Amino acid sequence: MLTRLLPLLACVASASAAIEVVKVPGAEQLREPFSIAFDAQGDAYGVEFQPANRIFKLHDGKLEYVSGVKWDSAPKGMIPPAPAKRLDLAPAVYDGMHDISIGPDGSIYASDSFQHRIVRLDPKTHVATVFAGTGKSGFAGDGGPADQAKFNIPMCGVIDPTGKFMVVADIVNNRVRRIDLTTRIVTTIAGNGKKGLPKDGDDALNAPMGDVRACCVAKDGTLYALLRGGHALAAIKDGKVNVVVNKAGKPGPATDGPAADARMLGPKYVTMDAKGNVLILDTENHCLRLYDPVKQTIRTIVGNGKKGAAVGADWAGTQLNRPHGARIGPDGRLYVTDTENNRILIGPAP
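Residues numbered from 1 in each chain as written. Predicted model: local features only at pLDDT ≥ 70, side-chain atom pairs only at ≥ 80, totals over all residues. Heavy atoms only, no water.

**Student:** Would you take a moment to explain the pairing of strand β11 (residues 154–159) for this structure?
**Tutor:** Here is the key point about a regular strand: its side chains alternate between the two faces of the sheet. Burial analysis of β11 places six of its six residues in the buried class, which makes it a mostly covered element. Strand direction decides the pairing type here: β11 and strand β12 (residues 165–170), joined by five bridges, are antiparallel. Looking at β12, one finds that Ile-159 is bridged to Met-166. Counting the residues that bridge the hairpin from β11 to β12 gives five residues, and of these Gly-163 lies at a positive phi of roughly 75°. (Buried < 20%, exposed > 50% of the residue type's maximum accessible area, 1.4 Å probe, protein only. Helix = DSSP H or I, 4+ residues; strand = E, 2+ residues; numbered from the N terminus. Pairing = 2+ DSSP bridges.)

**Student:** Even after reading the chapter, I still don't get the nonpolar core, so can you show me in this structure?
**Tutor:** A general trend in soluble globular proteins is that nonpolar side chains are found buried together. Of all hydrophobic cores here, the largest spans 54 residues; its most connected members are Val-176, Tyr-224, Leu-233, Val-245, Val-278, Ile-280 and Tyr-291. Excluding anything up to four places from it in sequence, Tyr-224 contacts Ala-214, Cys-215, Cys-216, Ala-218, Leu-233, Ala-234, Ala-235, Val-270, Met-272, Val-278, Tyr-291 and Pro-293. Of all hydrophobic cores here, the second largest spans 17 residues; its members include Tyr-45, Ile-55, Val-66 and Ala-128. (Core = buried A, V, L, I, M, F, W, Y, C linked by side-chain atoms within 4.5 Å. Contact = heavy atoms within 4.5 Å.)

**Student:** I tried to follow the sheet that holds strand β8 (residues 108–112) on my own but got confused; where do I start?
**Tutor:** Strands in a sheet are paired, the pairing made by backbone hydrogen bonds, and the direction either parallel or antiparallel. Here we have four strands laid out as an open sheet, ordered β7-β8-β9-β10, and antiparallel in their pairing. Across the chains shown, the open sheet's two edge strands, defined by having one partner strand only, are β7 (97–102) and β10 (128–132). Sheet twist, expressed as the average angle between the axes of neighbouring strands with direction ignored, equals 30°. The pairing of β7 with β8 spans five bridges and is classified as antiparallel. (Axes fitted to C-alpha atoms, helices over the stretch in contact; angles between N-to-C directions.)

**Student:** Would you explain the environment of Thr-187 in this entry?
**Tutor:** Relative to the helices and strands, Thr-187 is located in strand β14 (residues 186–190). Given the relative accessible area of 31%, Thr-187 is considered partly exposed. Residues Thr-187 and Pro-145, 42 residues apart in the sequence, show an inter-C-alpha distance of 9.7 Å. Apart from residues lying up to four places away in sequence, Thr-187 is in contact with Asp-142, Val-176, Arg-177 and Arg-178.

**Student:** Can you help me understand the environment of Asn-173 in this one?
**Tutor:** Here Asn-173 is to be found in the loop between β12 and β13 (175–180). When the C-alpha atoms of Asn-173 and Gly-138 are compared, they prove to be 7.7 Å apart, with 35 residues separating the residues in sequence. For Asn-173, the residues in contact, after removing those within four places along its chain, are Gly-138, Phe-139, Lys-150, Phe-151, Asn-152 and Gly-193. A distance of 3.0 Å separates a polar atom in the side chain of Asn-173 from the backbone oxygen of Gly-138. At 2.8 Å, the side chain of Asn-173 and the side chain of Asp-170 are in polar contact. (Polar contact = N/O pair within 3.5 Å; in protein donor to acceptor, adjacent residues only side chain to side chain.)

**Student:** I'm lost on the sheet that holds strand β18 (residues 232–237) in this one. Help?
**Tutor:** Taken in spatial order, the five strands make up an open sheet running β15-β19-β18-β17-β16, and their pairing is antiparallel. If you trace the sheet from one side to the other, it starts and ends with β15 (202–203) and β16 (212–217), each paired once. The pairing of strand β17 (residues 223–227) with β18 spans five bridges and is classified as antiparallel. When the bridges of β18 are listed, Ala-225 appears paired with Ala-234.

**Student:** I keep staring at the packing of aromatic side chains and nothing clicks. Help me out?
**Tutor:** Each pair of aromatic rings is reported with the distance of its centres and the angle of its planes. Per the counting criterion, the structure on display carries five aromatic pairs. Look at Phe-34 and Phe-49: their rings are 4.4 Å apart centre to centre, the planes differ by 20°, and that puts the pair in the stacked class. Pair noted here: Phe-34 is in strand β3 (residues 33–38) and Phe-49 is in the loop between β4 (44–48) and β5 (55–59), with a separation of 15 residues, a long-range link. For Phe-49, a relative accessible area of 14% puts it in the buried group. By way of ring pairs, the aromatic residues Phe-34, Phe-49 and Phe-114 are connected into one cluster. One cation-aromatic arrangement involves Arg-54 over Tyr-65; the distance from NZ or CZ to the ring centre is 3.6 Å. One cation-aromatic arrangement involves Arg-175 over Phe-139; the distance from NZ or CZ to the ring centre is 3.7 Å. (Phe/Tyr/Trp six-rings, centres within 6.5 Å; stacked < 30°, edge-to-face > 60°. Lys NZ or Arg CZ within 6 Å of the ring centre and 35° of its normal.)

Written as structure tokens, this is what we have:
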């Protein structure tokens, strides 16, 4: 499995440098990669934001676009995706994709955010079909089929550790919603539709979840919701919510220390690492931070808080430019989508 990833890696500092950047000779340059995920075979899939609006695959040292129309020829606002006739590049037209995830059966799910839907790609043919959302903005459909429900800019859709559910950050609806992958029934699990920060101890369904931008789920069932507008991270367990990073909700530079007192600036994404820590893309601070839920501390692990493109011999010496995604890969290393540097960086996991 891991041998598939090795040809993708090119050392950028020296033969012994720890930080590497994905380079595929002869391939078209990535354009604003937002998120990346891995299938059971170790292949990587990712989404490009605007203007590219495509889904790519990294396989055996090659980058290929498996869905979406070439960025400079795509008509905006089309609502397929109709069944594909060309399997090498499905004729689905996307608008503002933010996230990608892969289910236990290999299904590839892309958050087609600005068309208010989540699209499923068949893992073998890459034929695209609508999994959730009608394509029209709104809030409706709880208790019914996901493809008949209304979302309002679903930013991120992640698979929980059980592999049974997708958790969706429905940002304009200020709610976290969950889709059963078997029945495809959608329910709301957090948020009352109002903006603002929740209060510690609030019932999750009756609490504001303002600008909920991304979610992830820990092995113990704790749901972490990243509140972009509140520059905060909330934890939801047993139906109750607590703000665990930046309780004041005030924007500010990235500083290490107690998580409750920390500041963030427009954070955009969260994911779990293998140790149960939460990795936070503090996007407008141009860095990646680690929240330790046991120690309740936060520290910066990639970037120095300043926008840049330098790649050093370690993460501390490497700069980012508005990163939007991260994943721990099947090789145990950390992959960061350095969005406005149009690249994917790879290095040791924290």
